[in-house]
Amino acid sequence: MVGVNFKQSLHFFTNQLGSKLFLLFLIQWMVPTGMLQAQDDSTLLDLLEEPMVTPGSEKVHSAFKTTKVINQQSLELVDAGVFDFKMSHRFGPLNAGVDKAFGLDIATIRIGGEFGISPNLMLGFGRSNVKQEKNVDLFLKYRLMQQTTDNHQPLSILFLVAIDRRNTQYNVFNPTLGKTELLQIPNSARTGWVAQAIIGKKVSEELSLQFVPGWVTQSTIQPQLASNALEGDLATRTLSHWYLGVGMRQKLTTRTTLNLDFIPILTNKGSTINSFSLGFDIETGGHVFQLQFTNSFGLNESLFIARTTDRWNQAGIRLGFNLSRVFTVINPEVYR
Amino acid sequence: MKKIIITGFLLAAAVGSAYAQVYKTGTGNIKFISKTAIEEFSANNDQVTAAFSPKTNAIAFRVPVNAFQFKSALMQKHFQENYMQTAEFPFSTYSGKIEDVAAAQSASANFTKNGTYEVVTKGTHEMHGVKKEITIPGKIIVADGVITLTASMSVLCSDYGINIPAASKKSVSDNIDISINCPLQLSKGK
């Protein structure tokens, strides 16, 4: 009986289940068998093919060499705990003529700094002497989304809010009192605001591209007019614009890039000229040196976006440079 | 049909035992130091994968280059972008074999007994897209089922096509000292 049963079950096994089991074995063991052969000494490395860090899911860094394309802010932030000393300088326009050494006699300077508060938030500030306006500016730049190598996040998106204040005091002649006195200018007329998004992508190791839709409002004080005006009737002009900036960089070598920075104003343009700049980034260790040609004199957002008056086609081109030097203030391990 | 089934089981057993011989880690450590007269800096990587087969004396390392952590975030970015071009070459690898286990220690073959074994491995090192045959002396420390691979070596950046610009030559050394410390554990299954 037992023998018969065994034969029967074996028969059943081979006929009914056999082919299925065979397939099962085939599927289950063919793969490891292949790997067994691959276990030959030189390919032990293959066992490590599954990396612990998936290179596909990393954040994309270094879309630009520094936090500025030329004038406009770039997709980059200063790293958390790092202070970036910034100095910008613009000569006068080429068309200032031989009398002013084609602009070399004129110099506007901004000295400032940027500090990485957290990996996605940066604070910046500066003081500039543009047009004797004693301009102080302050801004916050926040990264909402950072591009990843696997394109799960195909873009980087940042926001910038900037405020600046002109601290110049103007003396005007008061005919009623018969003497000069300080012109009283309300804060609103001294203040400029900028709010913008920075949306862009490191397209390849060489090419990065960004678009900067934004809004700017600022006032122009005209003291010459004000002094003639009746008391309380201050000659200020407030203008608001929408704009769409474009920034681009193309690597020339590992440490040098060609940059383009164009900020066309979309609304309420009036006599304002669009800011257009071409420049080079040269990186050496902790420094980034930016050399540029631009038609803007302003060194903070509201000025170069909304108050550019020179034209490229009239040789209203200024030579300028930005200098960036980073200092690690807080050990990066704190933020890991 | 019976034969096939039996062969299948035998294969399964063979595969199982072959894999049981491999020691692995995904959290090995590699450090490097660059020293010049005016500047010294180092970086640390805790995400090194390594494998060792005591049966075949084969050794392998796979190093995600982006995982090197520096004390300066900018230095780290420059290392990735300007020196190692990690977007193009994300991993450094080494695949080698132990050349000679010192004679006295060869008695306790296959690294089953606790102890420190001085070894020399010979193999192929690939870094920054350049392959080189190199020999690395190191130690294999066996302690209660954990096999630790340690070694100190130095490499020349110029050997691997890693360009140090003239302006940085005073602060970045061509000769980089590397130390490896990877405790491996028996890898179960795949």
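Look above for the structure.
Residues numbered from 1 in each chain as written. Chains lettered and ligands numbered in written order. Predicted model: local features only at pLDDT ≥ 70, side-chain atom pairs only at ≥ 80, totals over all residues. Heavy atoms only, no water.

K.L.:
Provide a residue-level description of the overall build of chain A, including the pertinent values.
P.N.:
The number of helices and strands found in chain A is four helices and 14 strands. By the burial criterion, 44% of the 336 residues in chain A qualify as buried. (Helix = DSSP H or I, 4+ residues; strand = E, 2+ residues; numbered from the N terminus. Buried < 20%, exposed > 50% of the residue type's maximum accessible area, 1.4 Å probe, protein only.)

K.L.:
Give a description of a nonpolar patch on the surface that names residues and reports values.
P.N.:
Residue and element names in this part refer to chain A. Judged by side-chain polarity, Val161, Trp193, Phe211, Trp215, Trp242, Leu244 and Leu266 come together as a nonpolar surface patch covering roughly 690 Å² of accessible area. Elements with a minimum of two residues in the nonpolar patch: strand 9 (207-221) and strand 10 (236-253). You can see phenylalanine 211 is positioned in strand 9. (Patch = residues over 30% accessible without salt bridge, like charges linked within 9 Å, V, L, I, M, F, W, Y side chains within 5 Å. Areas by Shrake-Rupley, 256 points an atom, 1.4 Å probe, with all protein chains shown as cover. Salt bridge = Lys/Arg side-chain N within 4 Å of Asp/Glu carboxyl O.)

K.L.:
So what's going on with the pairing of strand 7 (residues 179-182) of chain A? Residues and values would help.
P.N.:
Residues and elements named next belong to chain A. Here four bridges tie strand 6 (residues 171-174) to strand 7, and the two strands are oriented antiparallel to one another. Paired with asparagine 171 across the strands is leucine 182, a residue of strand 7. Remark: four residues form the turn of the hairpin made by strand 6 and strand 7, two consecutive strands paired antiparallel; glycine 178 in that turn has positive phi of roughly 75 degrees. (Pairing = 2+ DSSP bridges.)

K.L.:
Can you explain the nonpolar core? Please cite residues and give values.
P.N.:
Within the largest apolar cluster, 42 residues are counted, with the highest numbers of intra-cluster contacts made by B:Phe32, B:Phe52, B:Phe61, B:Phe68, B:Phe111 and B:Ile140. Those residues in contact with B:Ile140 that lie beyond four places of it in its chain are B:Phe52, B:Ile59, B:Ile98, B:Phe111, B:Gly115, B:Thr116, B:Tyr117, B:Val119, B:Ile147, B:Thr148 and B:Leu149. Counting residues in each nonpolar core, the second largest holds 23 residues, with A:Ala63, A:Leu77, A:Val78 and A:Phe304 among its members. (Core = buried A, V, L, I, M, F, W, Y, C linked by side-chain atoms within 4.5 Å. Contact = heavy atoms within 4.5 Å.)

K.L.:
Just give me the short version of the sheet that holds strand 10 of chain A, but keep the residues and values in it.
P.N.:
All names here are of chain A. Strands sit in the order 1-2-3-4-5-8-9-10-11-12-13-14 around a closed barrel of twelve strands; the barrel is antiparallel. Averaged over all adjacent pairs, the angle separating strand axes in this sheet is 20 degrees, with direction ignored. Here strand 8 (residues 191-202) pairs with strand 9 via eight bridges, running antiparallel. The residue bridging tryptophan 193 from the neighbouring strand is threonine 217, located in strand 9. (Axes fitted to C-alpha atoms, helices over the stretch in contact; angles between N-to-C directions.)

K.L.:
Outline the pairing of strand 3 (residues 58-64) of chain B, listing residues and values.
P.N.:
All names here are of chain B. Across the seven residues of strand 3, seven count as buried, placing the element largely inside the fold. Neither face of strand 3 is left uncovered, since the one carrying Ala58, Ala60, Arg62 and Pro64 and the one carrying Ile59, Phe61 and Val63 both have all their residues buried. With five bridges connecting them, strand 2 (residues 40-53) and strand 3 associate as antiparallel partners. Its bridge partner being in strand 3, threonine 49 is matched across the sheet by arginine 62. The loop that links strand 2 with its antiparallel partner strand 3 comprises four residues; one of these, asparagine 57, has a positive phi angle of about 60 degrees.

K.L.:
Which residues make up the packing of aromatic side chains, and what values do they have?
P.N.:
All names here are of chain B. Counting across every chain of the model gives 13 aromatic pairs over all chains. Arranged with centres 5.8 Å apart and planes meeting at 70 degrees, the rings of phenylalanine 32 and phenylalanine 70 form a pair that is edge-to-face. Highlighted residues: phenylalanine 32 in strand 1 (residues 23-35) and phenylalanine 70 in strand 4 (residues 69-70), separated in sequence by 38 residues. Judged by relative accessible area, phenylalanine 32 falls into the buried class, the value being 8%. (Phe/Tyr/Trp six-rings, centres within 6.5 Å; stacked < 30°, edge-to-face > 60°.)

K.L.:
Quick rundown of the side chain of A:Asp281? Include the residues and the values.
P.N.:
Residue and element names in this part refer to chain A. You can see aspartate 281 is positioned in strand 12 (residues 275-284). Of the side chains with opposite charge, arginine 249 comes closest to the buried, unpaired aspartate 281, at an N-O distance of 6.3 Å. One polar contact links aspartate 281 to asparagine 259, side chain to side chain, over a distance of 3.0 Å. Excluding its chain neighbours within four sequence positions, the residues that come into contact with aspartate 281 are Lys65, Val69, Arg255, Thr256, Thr257, Asn259, Val288, Phe289 and Gln290. (Lys, Arg positive; Asp, Glu negative; His and termini not counted. Polar contact = N/O pair within 3.5 Å; in protein donor to acceptor, adjacent residues only side chain to side chain.)

K.L.:
Kindly report on the environment of A:Gly214, identifying the contributing residues and their values.
P.N.:
All names here are of chain A. Relative to the helices and strands, glycine 214 is located in strand 9. Classification of glycine 214 as buried rests on a relative accessible area of 2%. Along the chain, glycine 214 and isoleucine 305 lie 91 residues apart, while their C-alpha atoms are 10.0 Å from each other. With residues up to four places along the chain from it excluded, the contact list for glycine 214 reads Ala195, Gln196, His241, Trp242 and Tyr243.

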